[in-house]
Structures are given as structure tokens and as C-alpha cells.
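Below, each chain spelled out in residue letters.
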Amino acid sequence: MTRRLKIGILDLVAKEPGGGLYSRVMNANLASIMPQVLGVWCEEAGHEVYYICYTGPEDLLAELPADLDLLFIGAFTEAALLAYSLSNLFRRRGAITVLGGPHARCYPEDARKYFDYVLGFTDRDTVAEVLNECAPNRPYGRHLFALQQPRELPTLEARWRFVAATLAKAPTVKFVPMIGSLGCPYTCSFCIDSTVDYQPLSFQQLGDDLAFLLTKIKNPIVGWHDPNFGVRFDDYMEAVERSVPQGRMRHIAESSLSLLSEPHLKRLQKNGFQAALPGIESWFGMGNKSKTRRTGMEKVQQIAEHVNLVLKYIPYVQTNFVLGLDSDEGPDPFELTKTFLDLVPGAFPAYSLLSAFGRAAPSNLDYQRDGRILPFPFHFLNNNHAMNVRPKNYQWTDFYDHLIDLSRYSFSWKAIGRRFAATPAAIPRYMNVVRAISSEGFGRIKYHTKIRQLLETDRSVQAYFAQESDKLPDFYQARIKRELGPMYEMLPPGSLEHDPYAYMASEGQALTQMGGPAQAAVM
Ligand code: B12
Ligand code: SF4
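Small disclaimer: the values here were computed from a predicted structure and weren't measured.

About the cut-offs
- Residues numbered from 1 in each chain as written.
- Chains lettered and ligands numbered in written order.
- Predicted model: local features only at pLDDT ≥ 70, side-chain atom pairs only at ≥ 80, totals over all residues.
- Heavy atoms only, no water.
- Buried < 20%, exposed > 50% of the residue type's maximum accessible area, 1.4 Å probe, protein only.
- Helix = DSSP H or I, 4+ residues; strand = E, 2+ residues; numbered from the N terminus.
- Pairing = 2+ DSSP bridges.
- Right-handed = clockwise from strand over helix to strand, strands pointing away.
- pLDDT = per-residue confidence, 0-100.
- Contact = heavy atoms within 4.5 Å.
- Phe/Tyr/Trp six-rings, centres within 6.5 Å; stacked < 30°, edge-to-face > 60°.
- Lys NZ or Arg CZ within 6 Å of the ring centre and 35° of its normal.

**Things to note about the pairing of strand S3 (residues 70-75)**
Then, number 1: Across the 6 residues of S3, 6 count as buried, placing the element largely inside the fold.
Then, number 2: Neither face of S3 is left uncovered, since the one carrying Leu70, Phe72 and Gly74 and the one carrying Leu71, Ile73 and Ala75 both have all their residues buried.
Then, number 3: Across 5 bridges, the pairing between S3 and strand S4 (residues 96-100) is parallel. Pairing of Ile73 across the sheet is with Leu99, part of S4.
Then, number 4: Tracing the backbone out of S3, into helix H4 (residues 80-92) and back to the parallel element S4 gives a crossover that is right-handed.

In C-alpha cells form, the structure reads like this:
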């Protein structure tokens, strides 16, 4: 074996220090699986691992040893700037740095400027290559990726010490992160998994993992990270039924409505499924996800009926919408969503602003070709704090008026009360209220209202949104500075900006994922 490395593994769930009520309750439940998987693989390769799931309150610099040889960071794009600062800091201290996770998959061209390695699909061989080489690659890091998603992942037992460390940070409800499949058989062009083959992991292992979990926690809640849970529905349910006595485990899963038929719902209920997060996306597009050809009011009625049926069996339902899609125009998409809320008072609405995360999805190329991408810094790209695609059918001011109106309607005290009354179970009730009154509901109303006001009064904001200027308005600059706190000073020069058209450019240069047997170095 090569030398024993001191390895840090950082899962950046939070993008800045601190956090409000909802983040304090929930952040530890949003931990990713891959950093825990890496921990297992690195330990099995004989290295010393320091794993931290960063949820906001921790003092990262005190918790991570200063003399790391290698630092892996897993980050969503919203946490990219924090990740870049940390990489800069630890490189100065002599460490080699590696980025993986959604940001690395979506913006590898940018991330290579700040990390020694940027990983796409990651399997044991990809990690072994990094561990064996562990060398500085500067000014541009190596882009490594397996040609497909890993065929297997370590057991829950193997990653338990990392799971337990993270659960210890969750004050009340605790979700154990699990996954049974990768990719998706459907091809929604806006989705990162539309081009990734569906691949179930071992159902035998899945059942064994659940049985193991029962030896650790009395009535655990499992959070499934499958992109589309339940595609091989019977296999899943058999694995659960084989390993878990009825009533001993609760589950949360993200399934498309097309998988939530009444017979499936009955079986999900029997097996303890307590929360479902189906995507509705739009009343005028994306019908394939919910298995409907209807649009407009007809779709509202059909989906409302379906979601009310889901609520009969599953107490917590979050319905996901994307606002600003090209299929939407005028007030109808927003008014129809209000009607839907009236018809389905028990569902919690989650709104995402249309966002193109670099090379995440095929449809992003079209937005780039049409010149519709705004260069908002990564810090704001979390589906809410900025919409980085110019809407096709709305002026920005009109769009924000509709957005604020819908958000106010969704999180008014009247709607909160109706949701409370329509939700029989205690935890879902409590979750709905906390989400509505914290940064997600009230917080976003305040934030969107501020942006709307700036669109009226601030010339630099108007010019930026109109794509007349790339100069970041002071409002956003100041916010990054305030939110990153001391880490702002560690941002590498130039990292507040990125090339929002890098995906299109790279397509031209055929830099796509191809190459050597297990992985390839790009450029
Ligand atoms: C499960 C899921 C969640 C879960 C769990 C999140 C988590 N921390 O993992 C929940 C519901 C909590 C969630 C929340 C959010 N999510 Co989410 N989520 C997903 C989903 C459906 C699956 C991701 C997954 O776990 N796949 C299984 C893993 C094993 O595969 P993988 O992600 O492809 O990872 C591979 C590589 O990237 C690599 N890898 C992954 N992580 C790491 C880490 C390291 C260190 C290394 C080296 C490698 C590595 O190895 C894997 C195997 O090849 C994806 C969409 C999708 N279909 O992929 C969106 C997705 C990742 N989410 C997204 C977003 C935007 C969010 C939110 C910001 C939404 C919001 N506004 O709240 C939050 C952010 C939460 C947070 N900060 O942690 C975006 C991310 C875009 C981006 N570039 O940032 C995605 C891609 C959906 C989209 N809009 O296109 N999400
Ligand atoms: S069904 Fe869901 S996971 Fe599958 S491609 Fe469509 S959006 Fe992506």
C-alpha cells in the first residue's frame, strides 16, 4: 500500500454558517450518501478519515485537522463558493483537494480551477485513482469520472459510524439516508437523470440494510435518495416486507405520481411510508411525469383528485412545482396553482424557480443556445434565490408579482391553518407549520419582495436581469459577503464569476464523458 493518508470528507449541506429554525431542525437530515460511501472506501483502503456533515453551526476549521493530506468536499451548486474558499484554505495548508457531488457534475469546467480533482460519476476505482495519485493538479484539476454509476455501494452497517455522527446533530426528527436505485427510466429533458440509465442496487442488500437499521434505532425514519423511488415497485416492497415487521419503520420517498396508483399506495401505507414528494412541475407541460395528457384546469382537477387519494394513504405530501417554464404564460399557471391548493389543502407546495444548473440536463443546452442564461453567482443557484434562465413569456417584474402573490397565498395564516386541519398526523403537521413560517415560506416571501422592489428601483439590478450588464449588483455582492462571513476572505480570485455558457462551449469541443476504461481525464 501507499502511505496512510489523513483524509477529510466534508458534506456541505449548508452553504453558510448559522441558519434559521428550519435548518436547525432539518439540515442534518439532508446529508448525502456519497460522502459516507467515500468514508468507507477510504478506510478500507487503509487511510484515516475525518468525516463532517456541515449543517451550519459547526466551526469547520476547528473540527477539521489543519494538516490533512487530502480533502474531499461534496457540494451542491449553492455551496460552491463555500467549497471553493475551503479548497483554497486547505490547499494553502498543503492539502490536495477533491470536489464531488451535484456541483462537480454540473460545472466541472469551473470547479477544475479551484480543485486538484473534480469527480463526476464516482465508483471505488475513481476514488482509488485519486488516493493513489494524490498530487497537486494546478492550475486546472483533473476531471475524473466513472463511465457509469457505481454497480454497488457499501452496506448501511459499513457507513453506520458516519450516519450516526450526522444523526446526532438532528435535534428532533432523524432521517436515515438510504438508496436502492440510481438513474431513471424516464427522460424528462429538464432532469439530470434523464440521460442516466435506471439501475437498481441489490435488493438483497437493501433488505439486509433495513434489518440492520432496526438493530440500531427503535422506530427509524428512512429517507430514500432514489431519484425516482419505486420503479421496481414489487421488488422494493418485497425487500421491505421481508426485513421489517409491520409498524417498525417509517419511510419518505420521492416518486413520480405515475407510480402512485391506489394499489401501490395501499402497500406503501402498510409498509410505513409517511411522506411522498411527487413532482407536478407545471399545469401546461411535463405531463409525462404525472401520466396525464391533460393541461390547464383539467389537469388541476385530475392531479388534485390523485393527490387527495395519495393523502388518504400517506400523511405527508409535498407537491413540487417549477415556476417560469417555457410552457407557462400569463397569470393562469399561478392562479391554477392557487385553485389546486384550495382543492388539496393537505399538501405542502414546494416551488422552484426555473434553473439551469450548467450541464445538468439536456434542456440547458437549449437555454444556452438561446442566450437566456444569467450569470448569477453559484451561491444563489438553489432554485429559489435566483432564477438564472430568462423567462420566455414573462417580464421579470410580472413574473415576480405572480411569484409573490402565489407565495403569499400558499403561506398565508389561512392556508397554514387549512393545511394544519387537513393533516392528521403530528410530525407532518408540525413540519408543515415550521416550513411555512421559517425561511422556506415567510423567508422567501420577504426575499422575493425585496428583489421585486430592486427591479423597480435599482438600475444595476434592472440591467443585470435584462442581460445588459454582467456586473453583479451590490445587493448580491453584499449578501455573499455577509453570508460567507470569514470564509469570504478565502474566496479564490475570480471565483464569484463563472462562464454560464461553458456547457455549450464544451459541446463544441467534444469534451464529453468519454475516455479510458474506468475514467478519463478531461483537458
Ligand atoms: C435525493 C436528492 C435530494 C435529497 C437528498 C440531498 C442530498 N444531500 O443528497 C434532498 C430531498 C434532501 C434534496 C435537497 C436538495 N436538492 Co436535491 N436531489 C436529489 C436527487 C433526486 C438525487 C441525488 C442522489 O442522491 N443521487 C444518488 C447519488 C449516489 O448519485 P449522484 O447524485 O449522481 O452522485 C454521483 C456523483 O455525483 C458522485 N458524488 C455525489 N456526491 C459526491 C460527493 C463527493 C465528495 C464525491 C467525491 C463524489 C460524489 O458520486 C455519485 C455516484 O456516481 C437529485 C436529482 C437526481 N435525479 O439526481 C436532486 C438534485 C441533486 N438536487 C438538487 C437541488 C437543487 C436540491 C436543493 C437545493 C433543492 C432546494 N431548493 O431545497 C436541496 C439542497 C439540499 C442540500 N443542500 O443538501 C439539484 C442539484 C443541482 C446542483 N447542481 O446543485 C438536483 C440535481 C436536482 C435538479 N434540480 O436538477 N435533494
Ligand atoms: S421521472 Fe423524475 S427522476 Fe425520472 S427523468 Fe423525470 S424528473 Fe428525472
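**Things to note about unusual backbone geometry**
Then, number 1: Cis peptide bonds are those with omega within 30 degrees of zero, and the linkage from Arg138 to Pro139 qualifies with 10°.
Then, number 2: Within the fold, Pro139 resides in the loop between helix H7 (124-133) and strand S6 (142-144).

**What about the confidence of the model for the protein chain?**
Should pLDDT be low for a region, the predicted coordinates there are not to be read in detail.
Then, number 1: Chain-level statistics for the protein chain give a pLDDT mean of 93 and a share of 96% at 70 or above.
Then, number 2: Every residue in residues 510-523 is under pLDDT 50, and counting partners more than four places away or in other chains gives 32 contacts.

**Overview of the packing of aromatic side chains**
Then, number 1: Inspection of every chain in the model, using the stated rule, returns 30 aromatic pairs.
Then, number 2: Measuring from centroid to centroid gives 5.3 Å for Trp224 and Phe229, while their planes differ by 45°, and the two rings are tilted. Neither Trp224 nor Phe229 differs from the other in exposure class; each is buried.
Then, number 3: Taken together, a centroid distance of 5.6 Å and an interplanar angle of 40° make the contact between Phe348 and Phe411 tilted. Taken together, the residues span a long stretch of sequence, with Phe348 in strand S15 (residues 348-353) and Phe411 in the loop between helix H15 (396-410) and helix H16 (413-422) at a distance of 63 residues. Exposure class is identical for Phe348 and Phe411. Each is buried.
Then, number 4: Pairwise contacts between aromatic rings join Phe334, Phe376, Phe380, Tyr394, Trp396, Phe399, Tyr400, Tyr447, Tyr464, Phe465, Phe475 and Tyr476 into one cluster.
Then, number 5: The positively charged end of Arg93 is found above the aromatic ring belonging to Phe90, 5.1 Å away from the centroid.
Then, number 6: The lysine or arginine in question, Arg429, covers the ring of Phe420, its NZ or CZ lying 4.2 Å from the ring centre.

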